[in-house]
Amino acid sequence: MTTLHTLNRSPADTQLFKQLLSTIRVGDTLLLLEDAVYYCIKNNLNRTIQDIEVFALKDDVHARGIPFEGSDVKLASYEEYVRLTERTDKLINWY
Amino acid sequence: MTTLHTLNRSPADTQLFKQLLSTIRVGDTLLLLEDAVYYCIKNNLNRTIQDIEVFALKDDVHARGIPFEGSDVKLASYEEYVRLTERTDKLINWY
Amino acid sequence: MTLKLSILVLGSPYNSQAAYSALRYTQAAISLGHEVYRVFFYQDGVHTSTRLSAPPQDEFNIYEAWQSLQKEHSLDFVTCIAAAARRGVLNDTESKRHNLPAANLAEGFDLSGLGQLVEANSVSDRLVTFGA
Amino acid sequence: MTLKLSILVLGSPYNSQAAYSALRYTQAAISLGHEVYRVFFYQDGVHTSTRLSAPPQDEFNIYEAWQSLQKEHSLDFVTCIAAAARRGVLNDTESKRHNLPAANLAEGFDLSGLGQLVEANSVSDRLVTFGA
Amino acid sequence: MTIELDEISNEDTAIESKFDLLIVLQQAPYSSASANEALDLALAAGTFEQKVALLFIEDGVYQLMSEQAPDALQQKSLEKMINALSFYGVSMLAVESHSLFERDLHPEKHIIQGVHFELLNTKSIQDLYDRSKTIIRF
Amino acid sequence: MTIELDEISNEDTAIESKFDLLIVLQQAPYSSASANEALDLALAAGTFEQKVALLFIEDGVYQLMSEQAPDALQQKSLEKMINALSFYGVSMLAVESHSLFERDLHPEKHIIQGVHFELLNTKSIQDLYDRSKTIIRF
């Protein structure tokens, strides 16, 4: 069973991220949206959560002016968010 | 010049507390209200902020069922909150 | 694979991005051919369903956008009746029942109980929550 | 020493304790003989000024409590006109201006601009803020 | 309060059952309506005969403090609602043990009695998520 | 962006002046109206000839990111409002340096240009609080 996790809080909310980390598993997918797209600046998410495919919502990234060259995170549109919902067996929204 | 600081977030909001700590000075007063009254459980505030008089809003403490025997923090009513406003030169509300 | 989706909105416009993100997700789901079974507005999300808002002309109108989406696709929009009454969102029936002078629930939204959220969850493939 | 106090409410009832704590503080300040120059409602705090709420009978009615306090002491309550229009709180004038079918601002509250907050700050000894 | 540290219970409400809905309560009570509205949803789901689990985690564990006196703030008691849950068929109340520990809360000393809670560690919570169709966080 | 690390400027907007109002911006933009409504207040206070200072701190420093394109979310540009501040007489824009550092943000690389910010450390911020009659946090 695979789970799509979405996260919408900035890296400043360390407690929420800790809860997500203790729940996410190899094979799951993580989508960063709203203020969670600020995780893309430091670009070290893939060291923290290995073997998890990470996406960031494109419009949230662009709106906030986040530099994105060379990032390991993939950009996703809202349509791709829906497709990720399809592709996975369940969903947990972390907010 | 003395300042009355009020704090209304629970100890889980470490960033807010950090901001308050970097601003509060000897002679200032701290009033814990709303979810900040949970600081009274661990009862180690007086080690973190020495030489600061700490109050907790009584009705917030009672509503939340916080054990209070032997605490170094003093209970204050809303009237006493107003009197603390009088007694100090300025006010910073941390929320 | 076509999914049956329900959407839960928990945050108010302006205090969170919940109502906006949920709008964009719902639009995308419909454009991809999925069934949106119900959109449920709870907690401060009930403020999305007012008809008395007046954002500046040069700003995006989140309320109108939701109302148009409902109309265009005949979607089932339910605002929690208890959460709304507490927060000042009433339809004609509720307004009269409480002897209040006016109503402010937008057209296309129904006031109903939490059973509608529970039922939506039980029949949908996913409940997608937009929190504050 | 008698203080001239102004109060700023930034959080909505039910989503924060701001409106409640501000109410209790304002009551206490008045009972101790201080002057409450103005109470200003901004951001989601504007929801405190609706007249269309209907909390359950057995629950405390925060809206009525503010309205009674205003009436009893003829206090100056100002709700930010721009923040309120965005969030669905309008008086008769604003409602007509925007061609909307009803108004929901409670009696005793005035819709006005941020200048009222700025002025309150400049003439008051303290501005006490209740945030969310 | 009965604490069973990750033991498997034999009841119908067993720790290994599947849930239609897991409600996660992570906010302190009284500063907002979050706790009340989450419990309202739990009661509604129980009434509609859905299998419901509750997880108290992070600041949400403060909702379980004994000796709450919310009339000081003109609010209603959460304890009554929590006591009512089992009558409405809510089958499992779980508490994350680390959240209690971090907050210096001791089940025997600080937590309401007479209600059965499962005390879960991180691994058991991952299992609880797996066994729940839908998760809503309050 | 001109960064002056705790230097004292000679202008009327000097770092040592007193302020009627200090507006603290500590939230990221676009996820709520907080940044917009804080800046609206700053403009209003400037219009009424009050001495106003702004402090960007914690997630509030994200409001200063260059290359924001909020039309992607059908929202208006904050940058225009920030540029307008000096025309409305807002006398000081301060940024807490540690908040930038913690977020891997470099003034030359990530922050909007053409606006004068004072980069302050903790000590200078304490002074800024001292010199402000009223502090409102957004």
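The structure this text deals with has already been given above.
Nothing here was measured: the structure is a model prediction, and the numbers come from that model.

## Some remarks on the pairing of strand β3 (residues 53–57) of chain B
Residue and element names in this part refer to chain B.
Moving on, step 1. Counting buried residues along β3, 4 of its 5 residues qualify, which places the element largely inside the surrounding structure.
Moving on, step 2. Examined bridge by bridge, strand β2 (residues 29–32) and β3 share 4 bridges and lie parallel to one another. From the neighbouring strand, L30 faces β3, where its bridge partner is V54.
Moving on, step 3. Pairing of β3 with strand β4 (residues 74–76) involves 3 bridges; the strand directions are parallel. Along β4, the bridge assignment pairs L57 with A76.
Moving on, step 4. This β-α-β element, β3 to helix α4 (residues 58–63) to β4, shows right-handed connectivity.

## A word on the sheet that holds β3(B)
Residue and element names in this part refer to chain B.
Moving on, step 1. Taking strand neighbours across the sheet as the criterion, the 5 strands line up as β4-β3-β2-β1-β5 in an open arrangement whose pairing is parallel. The outermost strands of the open sheet, each flanked by one partner alone, are β4 and β5 (90–94). Recorded for the sheet is a direction-independent mean angle of 25° between the axes of neighbouring strands.

## Here we look at the sheet that holds strand β5 (residues 126–130) of chain D
All names here are of chain D.
Moving on, step 1. Read from one edge to the other, the open sheet built from 5 strands follows the order β4-β3-β2-β1-β5, with strand pairing classed as parallel. Looking at which strands have only one partner, the edges of the open sheet turn out to be β4 (109–112) and β5. The sheet shows a mean angle of 25° between the axes of neighbouring strands, taken without regard to direction.
Moving on, step 2. Seen against the sheet, helix α5 (residues 115–123) touches β1 (4–9), β2 (35–41), β3 (77–80), β4 and β5 and runs at an angle of roughly 150° to β2.

## A closer look at the pattern of salt bridges
Moving on, step 1. Inspection of the entire model under this criterion finds 44 salt bridges over all chains.
Moving on, step 2. Between B:D35 and B:R64 there is a salt bridge, with its nearest N and O atoms 3.2 Å apart. With a gap of 29 residues between them, B:D35 in the loop between β2 and α2 (39–42) and B:R64 in the loop between α4 and β4 connect regions that are remote in the sequence. For the pair B:D35 and B:R64, a shared accessibility class is recorded, and that class is buried.
Moving on, step 3. In this structure, the salt-bridge partner of D:R38 is D:E119, at a minimum N-O distance of 2.9 Å.

## So, the interface of chain C and chain D
Moving on, step 1. Each partner contributes to the interface: chain C provides 25 residues, whereas chain D provides 25 residues.
Moving on, step 2. Here chain C and chain D share an interface that buries about 2,100 Å² over both sides, 57% of which is from carbon and sulfur atoms.
Moving on, step 3. The largest contributions to the chain C side of the interface with chain D come from C:L52, C:A54 and C:R86, which together make up 31% of the buried area.
Moving on, step 4. Here chain C and chain D share 2 salt bridges between them.

What counts, and where the lines are drawn
Residues numbered from 1 in each chain as written. Chains lettered and ligands numbered in written order. Predicted model: local features only at pLDDT ≥ 70, side-chain atom pairs only at ≥ 80, totals over all residues. Heavy atoms only, no water. Buried < 20%, exposed > 50% of the residue type's maximum accessible area, 1.4 Å probe, protein only. Helix = DSSP H or I, 4+ residues; strand = E, 2+ residues; numbered from the N terminus. Pairing = 2+ DSSP bridges. Right-handed = clockwise from strand over helix to strand, strands pointing away. Axes fitted to C-alpha atoms, helices over the stretch in contact; angles between N-to-C directions. Contact = heavy atoms within 4.5 Å. Salt bridge = Lys/Arg side-chain N within 4 Å of Asp/Glu carboxyl O. Buried area = accessible area lost by both parts, 1.4 Å probe.

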